[in-house]
Amino acid sequence: MKYPFLQLKDVNAPYIEEIKQAVCRVIDSGQYIGGTEVELLEQNIASLCRVPHVVPVSNGLDALRLIIRAYKEMGIMADGDEIIVPANTYIASILAITDNNLSPALVDVDPSTMNLDPSLIEEALTPRTRAIMTVHLYGRVAWNRDIIDIARRHNLRIIEDNAQAIGAKSRVPGLSGTDMTGGLGDAAAISFYPTKNIGAMGDAGAITTHDPQLAATARALANYGSDTRYHNIYAGLNCRLDPIQAAILNVKLPHVHEENGQRFDRVRCYANEINNPSVTTPTISPYLYDNVWHQYVITSPMRDALQKHLADNGVATDIHYPTPAHLQPCYRKLSHGPLPVTERLARQCLSLPVTTTTSIRQVAEIAAIINTFDPQS
Ligand SMILES: *Cc1c(COP(=O)(O)O)cnc(C)c1O
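This structure is a prediction, so every number in the text was calculated from the model and none was measured.

Counting across every chain of the model gives five aromatic pairs. Pairing Y90 with Y321 gives two aromatic rings, centres 5.3 Å apart and planes at 40 degrees, and the pair type is tilted. Of this pair, Y90 sits in the loop between strand 2 (82–86) and helix 5 (91–99) while Y321 is found in the loop between helix 10 (303–312) and helix 11 (340–348), placing the two residues 231 residues apart along the sequence. The exposure class assigned to Y90 is partly exposed, which follows from its relative accessible area of 43%. Here Y321 falls in the buried class, since its relative accessible area comes to 17%. Summarising the aromatic geometry, the rings of Y270 and Y296 are spaced 4.8 Å apart at their centres and angled 10 degrees between planes, so their arrangement reads as stacked. Here Y296 lies in strand 10 (residues 296–299) and Y270 lies in helix 9 (residues 256–273), a separation of 26 residues in the sequence.

Spelled out as structure tokens, the structure:
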């Protein structure tokens, strides 16, 4: 393809010498679990997300699983309780709930944000609802007064799935006054999966929170349920972060705003240049920081033909996500109401290349190719 969707090696190229040195430092240190790089990453994430507590973990799904598991150990959630979650999300959000024997209450999304539609939350509440999981999907902050008010009124925890929006800032402050994603709700999960805005070279993730008890519980759970060595208060897991990944992330994390800004430059170019009436482009908020554009997702009723037209012209695209969780074989038995927006998005959405390795000139060329798409032909 002349225009690749994403080339991870090129994304990491600007940092590669520093990364190699950092990895060698870990190798030479002889400390292969925990240690200074993991502690440094904890501090770096804490200052980015403006939270007092960070628990580095193995990946984003484990971060979400551990948050819910910690709430269970704390007596705040129990088997069979329910968590409100947008149906339009990566399946990991929902796996974290079902893995803990809780039920996902799938709520449809607002077509203009593709994120949780707050007007649909209340009708999904039951006496067993314990939390709202808000997912900042595609990098767009999903945080507003409605979510806060509903959570307060019904005594619900708010869990952020911040896998796709590291470094984003909300217009509406969070529960503890912080405006950065990861610090808005009661607890949040970050993913450093290699394709995320800040990616490791393997799996990595973190929990961010203002709640010291949640942090301590999750930290113990991630380390066999052990608070001090050979003393197990919980029947825990091993979900620790690899220090080699921590060292790589300590090189990349300081560049998060720069990286996000470069994505936004590409988004602005698409927004200015795409003018095909059969294509809907995402709304751009006048507020600069409330979307870090993990994906630039357009929609078209002729999505498959458009994707083919782009491929025929050398443009690689992707679909996030072709099959919503509730239509996956593993969730055949999951009960849910109608989810028309999520299902339409699955048929119509198309993600365009938006990473730093696609130049602005290439973005303009891709937009021009989109403009030559004729839905009748
Ligand atoms: C990537 C992702 C996750 C899971 O993170 P991993 O590090 O891949 O386990 C969870 N939720 C969303 C929305 C994601 O995009």
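With that settled, the discussion passes to the site of the ligand. Neighbouring the ligand are the residues N59, G60, L61, Y90, A92, V135, D161, A163, Q164, S191, Y193 and K196. At 2.7 Å, a side-chain N or O of D161 approaches a nitrogen atom of the ligand. K196 places a side-chain nitrogen or oxygen 3.1 Å from an oxygen atom of the ligand. Burial of the ligand by the surrounding chains reaches 92%, relative to a free accessible area of 380 Å².

The rules behind each value
Residues numbered from 1 in each chain as written. Predicted model: local features only at pLDDT ≥ 70, side-chain atom pairs only at ≥ 80, totals over all residues. Heavy atoms only, no water. Phe/Tyr/Trp six-rings, centres within 6.5 Å; stacked < 30°, edge-to-face > 60°. Helix = DSSP H or I, 4+ residues; strand = E, 2+ residues; numbered from the N terminus. Buried < 20%, exposed > 50% of the residue type's maximum accessible area, 1.4 Å probe, protein only. Near = heavy atom within 4 Å. Polar contact = N/O pair within 3.5 Å; in protein donor to acceptor, adjacent residues only side chain to side chain. Areas by Shrake-Rupley, 256 points an atom, 1.4 Å probe, with all protein chains shown as cover.

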